[in-house]
2 protein chains.
Amino acid sequence: MAKKDRKAGRRKQPPPALRELLRIPEGEPVDLASYDSRATPGGPADKAAALAAVPPLAQRLAGLQERLYAASTAGGGRRVLLILQGMDTSGKGGTIKHVIGHFNPAGCRIRAFKTPTPEERSHPFLWRVRRALPEPGEIGIFDRSQYEDVLITRVRELVPRRDLGRRYGQINRFEQGLADNGVTLVKVFLHLGHEEQRDRLLARLDNPDKHWKFSPSDIEDRALWPAYQEAYELALHRCSTSAAPWYLVPADRKWYRNWAISTLLLEHLEALDPAYPEADFDVEESRRLLLATG
Amino acid sequence: MAKKDRKAGRRKQPPPALRELLRIPEGEPVDLASYDSRATPGGPADKAAALAAVPPLAQRLAGLQERLYAASTAGGGRRVLLILQGMDTSGKGGTIKHVIGHFNPAGCRIRAFKTPTPEERSHPFLWRVRRALPEPGEIGIFDRSQYEDVLITRVRELVPRRDLGRRYGQINRFEQGLADNGVTLVKVFLHLGHEEQRDRLLARLDNPDKHWKFSPSDIEDRALWPAYQEAYELALHRCSTSAAPWYLVPADRKWYRNWAISTLLLEHLEALDPAYPEADFDVEESRRLLLATG
């Protein structure tokens, strides 16, 4: 025992959890230019190592998802909500395909928020968000979210500045309420480089099979890049709370992005540590009755 | 050319499409006992061959799904609805995990129909079904469906027999309307053997991690097996129409079930032959404007 203890004492500290590395500190102003969009904090050494890490990660994610879902059948109220935000081509759709694709689709509730419909516009901005929340046991995924209402809305001046200013607090109270009700929020900002976006948009133009993913409005948004970065900085600053922190994931390297978001989800699911519920029926009696049916 | 023609003439006929092999003929009475639940019609020789067939199948399915979705962004209204019905443990959930898992989850709309809620019961039986339909470009998946309303409802005598009798026609008209509106229906009955169900239920009882999947009501339903088979025979007979045929998939072998349903979906998607839409903007002009943004 003594020997083991000494060994343990010499053991190197485990690497910090990725959630600690990527979390936007609460209450501090954010300067996006200080974050390298090509960085790979805490990640595998290279693409090959990241791809090799996928199968075991995927297996653990699927196992935890099943436990989360199983727990809900016995009344467990826990659920997870992944929020994806980022500029065009930053990889929101790719994350859903490659990361959420590891889960059992029956337990995922995915919602893409687009330009509000007339009905959605007739309600407070959180109305459509509340209707898309995951049920207990589910993994919810938002491709864009309530944050559009302080991002494009701010950049394009779609609502009076005074209303806009109130929304950060409304979002924080909304998210605090979700956290109080068993929702684990994982808010991810996909931090894409300005040049990388140009290359990705050009790639869409170069490939006729990708033209459907392109819209001339993407160019308008790109021309407003500095205003968007500022709007993101404000949202990350005002809304990274202890109940629902923001994580900044450098997004220029797709292999890092997929690895990092998988790992963030894994860390949050492991912290929940969902358990298969115990039988609420007499197992032996059920076996006997079952065998009696032939 | 002549030589090529002669060769073509000697070539063996391609195997019949799986949809032809598995389709329940329209208007004919169905005798489930005449179908072997362990059979593998049209399938690979064995489990190893079926598993080897999965990656290329998965790739083709994902590619077709993307085209279907892309087409919808240009106004295409086509969509697919997979309906899964079958006795407990017949593999509805397993199909979603293993077959639907090949698709991009962002384009799937999955709904499990359980015991109707009080709100659902206050509406006509198709009400909750209409609200769960896939949007254009999506693959919808129903784990149970409107058919519960002529299955458990019939076996457990939950509605007057006269109302029940009208439902087959209501379902047929509903499905004809869906087909007329661009919905490709793929209705799959998972044909499970009586002994195989006992073994699967016992396996759930033997594994504490599976107890959450078991309910004593599963034994009650099993005791009503003959009545359920009769109810299925009637539903397959009355509702296998040219607009929305039923497919009977032998379900004792999971590898065959997954291969067969993947292949049925593939055949239907290939028949739709969705195409990437052409750009509705000036590609060269967009490239020029994009490069001007730096």
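The rules behind each value
Residues numbered from 1 in each chain as written. Chains lettered and ligands numbered in written order. Predicted model: local features only at pLDDT ≥ 70, side-chain atom pairs only at ≥ 80, totals over all residues. Heavy atoms only, no water. Pairing = 2+ DSSP bridges. Helix = DSSP H or I, 4+ residues; strand = E, 2+ residues; numbered from the N terminus. Axes fitted to C-alpha atoms, helices over the stretch in contact; angles between N-to-C directions. Contact = heavy atoms within 4.5 Å. Least-squares fit on C-alpha atoms with pLDDT ≥ 70 in both. 1 Å grid on protein atoms, 1.4 Å probe; cavity = no way out; pocket = protein on both sides within 12 Å on 5 of 7 lines; lining within 4 Å. Points joined across faces, edges and corners; volume = space filled by probe spheres on them. Buried area = accessible area lost by both parts, 1.4 Å probe. Salt bridge = Lys/Arg side-chain N within 4 Å of Asp/Glu carboxyl O. Polar contact = N/O pair within 3.5 Å; in protein donor to acceptor, adjacent residues only side chain to side chain. Buried < 20%, exposed > 50% of the residue type's maximum accessible area, 1.4 Å probe, protein only. pLDDT = per-residue confidence, 0-100. Expected span 1.5 Å × (residues − 1). UniProt positions renumbered as here; feature names shortened; annotations may be inferred.

In the annotation of an unreviewed UniProt entry, the entry for chain A reads Polyphosphate:nucleotide phosphotransferase, and the organism field reads Streptomyces scopuliridis RB72.

**Student:** Even after reading the chapter, I still don't get the sheet that holds strand β1 (residues 79-86) of chain B, so can you show me in this structure?
**Tutor:** Sheet strands associate in pairs through backbone hydrogen bonding, adopting either a parallel or an antiparallel arrangement. Residue and element names in this part refer to chain B. Within the open sheet, the five strands sit side by side as β2-β3-β1-β4-β5. Their pairing is parallel. This sheet does not close on itself; its edge strands, each paired only once, are β2 (108-112) and β5 (246-250). Within the sheet, the average angular offset between the axes of one strand and its neighbour, ignoring direction, is 20°. Examined bridge by bridge, β1 and strand β4 (residues 183-191) share eight bridges and lie parallel to one another. Opposite leucine 81, over in β4, you have leucine 185 as the bridge partner. Running at roughly 155° to β4, helix α11 (residues 225-239) makes contact with β1, β4 and β5 of the sheet.

**Student:** Would you mind showing me how to read the relation of the copies chain A and chain B here?
**Tutor:** Superposing chain A onto chain B requires a rotation of 180° together with a translation of 0.0 Å along the rotation axis, leaving an RMSD of 0.0 Å. In short, the pair behaves as if placed about a two-fold rotation axis. Of all interface residues in chain A, 100% are interface residues in chain B too; the two copies therefore contact each other through one and the same surface.

**Student:** Please clarify how the sheet that holds strand β3 (residues 139-143) of chain A should be interpreted in this entry.
**Tutor:** All names here are of chain A. With respect to topology, five strands assemble into an open sheet ordered β2-β3-β1-β4-β5, the strand pairing being parallel. In this open sheet, the two edge strands, each paired with only one partner strand, are β2 (108-112) and β5 (246-250). Each strand axis lies, on average, 20° off the axis of its neighbour in the sheet, ignoring direction. Pairing analysis gives five bridges linking strand β4 (residues 183-191) to β5, with the strands arranged parallel. For histidine 191, the partnering residue across the bridge sits in β5 and is proline 250. Where helix α11 (residues 225-239) meets the sheet, its contacts fall on β1 (79-86), β4 and β5, and the angle it forms with β4 comes to roughly 155°.

**Student:** When you look at empty space enclosed by the protein in this model, what are you seeing that I'm missing?
**Tutor:** The rolling of a water-molecule-sized probe over the atoms marks out the regions of remaining empty space. The tally for this structure, following the rule as stated, stands at one cavity of 30 Å³ or more. Approximately 40 Å³ is the volume found for the largest cavity. Lining the largest cavity we find A:Ile100, A:Gly101, A:Phe103, A:Pro105, B:Ile100, B:Gly101, B:Phe103 and B:Pro105.

**Student:** What exactly am I supposed to notice about the interface of chain A and chain B here?
**Tutor:** Interfaces are often sized by the amount of accessible area the parts lose when they come together. Residue-level contacts link 39 residues of chain A with 39 residues of chain B. Carbon and sulfur atoms make up 70% of the area that chain A and chain B hide from each other, which totals about 3,800 Å². Here chain A is connected to chain B by four salt bridges. Of the charged contacts in the structure, one is a salt bridge between B:Arg287 and A:Asp206, with a shortest N-O distance of 2.6 Å. Summed over the shared surface of chain A and chain B, the result is eight residue pairs in polar contact (both at pLDDT 80 or more).

**Student:** Honestly, the pattern of salt bridges in this entry has me stumped. Any pointers?
**Tutor:** Two side chains with opposite charge may pair up if their charged atoms get near one another. Residues and elements named next belong to chain A. The full count for this structure, using the stated rule, is 36 salt bridges over all chains. Here arginine 60 ties to glutamate 270 by a salt bridge, and the two come within 2.6 Å at their closest N and O atoms. Remark: glutamate 270 occurs in helix α12 (residues 254-272) and arginine 60 occurs in helix α3 (residues 47-73); sequence separation between them is 210 residues. The shortest N-O distance in the salt bridge between arginine 109 and glutamate 138 comes to 2.6 Å. One end of the pair, arginine 109, is in strand β2; the other, glutamate 138, is in the loop between α6 (127-130) and β3, and 29 residues separate them in sequence. Because the salt bridges share partners, they merge into one network encompassing Asp88, Arg144 and Glu148.

**Student:** Which parts of the structure should I look at to understand the pairing of β3(A)?
**Tutor:** Two faces belong to every sheet, and in a regular strand the side chains alternate between them. Residues and elements named next belong to chain A. The buried fraction of β3 amounts to five of the five residues, a majority that puts the element mostly inside the structure. For β1 and β3, the ladder comprises five bridges, and the chain directions are parallel. Considered in β3, the bridge of isoleucine 83 is made with phenylalanine 142.

**Student:** Explain the confidence of the model for chain A here, please?
**Tutor:** In this model, chain A carries a mean pLDDT of 95, and residues with pLDDT of at least 70 account for 96%. Scored below 50 in pLDDT, residues 1-9 of chain A shows zero contacts in the model against residues more than four places distant or in partner chains.

**Student:** So what exactly am I meant to see when it comes to helix α9 (residues 194-206) of chain B here?
**Tutor:** The periodicity of an α-helix, 3.6 residues per turn, causes residues three or four places apart in sequence to face the same way. End to end, α9(B) covers 19 Å across 13 residues, agreeing with the expected 18 Å (1.5 Å per residue, within 8%). All of the buried residues in α9(B) are B:Glu196, B:Gln197, B:Arg200, B:Leu201, B:Leu202, B:Arg204 and B:Leu205. Looking at the buried side of α9(B), the elements it contacts are α13 (283-292) of chain A together with α10 (216-223), α11 and α12 (254-272) of chain B.

**Student:** What is the right way to look at the side chain of A:Arg287 in this model?
**Tutor:** Checked against the element boundaries, A:Arg287 lands in helix α13. Accessibility expressed as a relative area gives 19% for A:Arg287, which makes it buried.

**Student:** Just checking my understanding: could you explain the side chain of A:Thr89 for this structure?
**Tutor:** Structurally, A:Thr89 is set in the loop between β1 and α4 (92-98). For A:Thr89, the residues in contact, after removing those within four places along its chain, are A:Leu192, A:Gln197, A:Arg200, A:Leu201 and A:Arg204.

**Student:** In this structure, what is going on with the UniProt feature "domain: Polyphosphate kinase-2-related" (unreviewed entry) in chain A? I would like to understand it.
**Tutor:** In the numbering used here, UniProt assigns the feature "domain: Polyphosphate kinase-2-related" (unreviewed entry) to residues 55-272 of chain A. Structurally, residues 55-272 of chain A comprises 52% helix and 15% strand, and the distance from its first C-alpha atom to its last is 22 Å.

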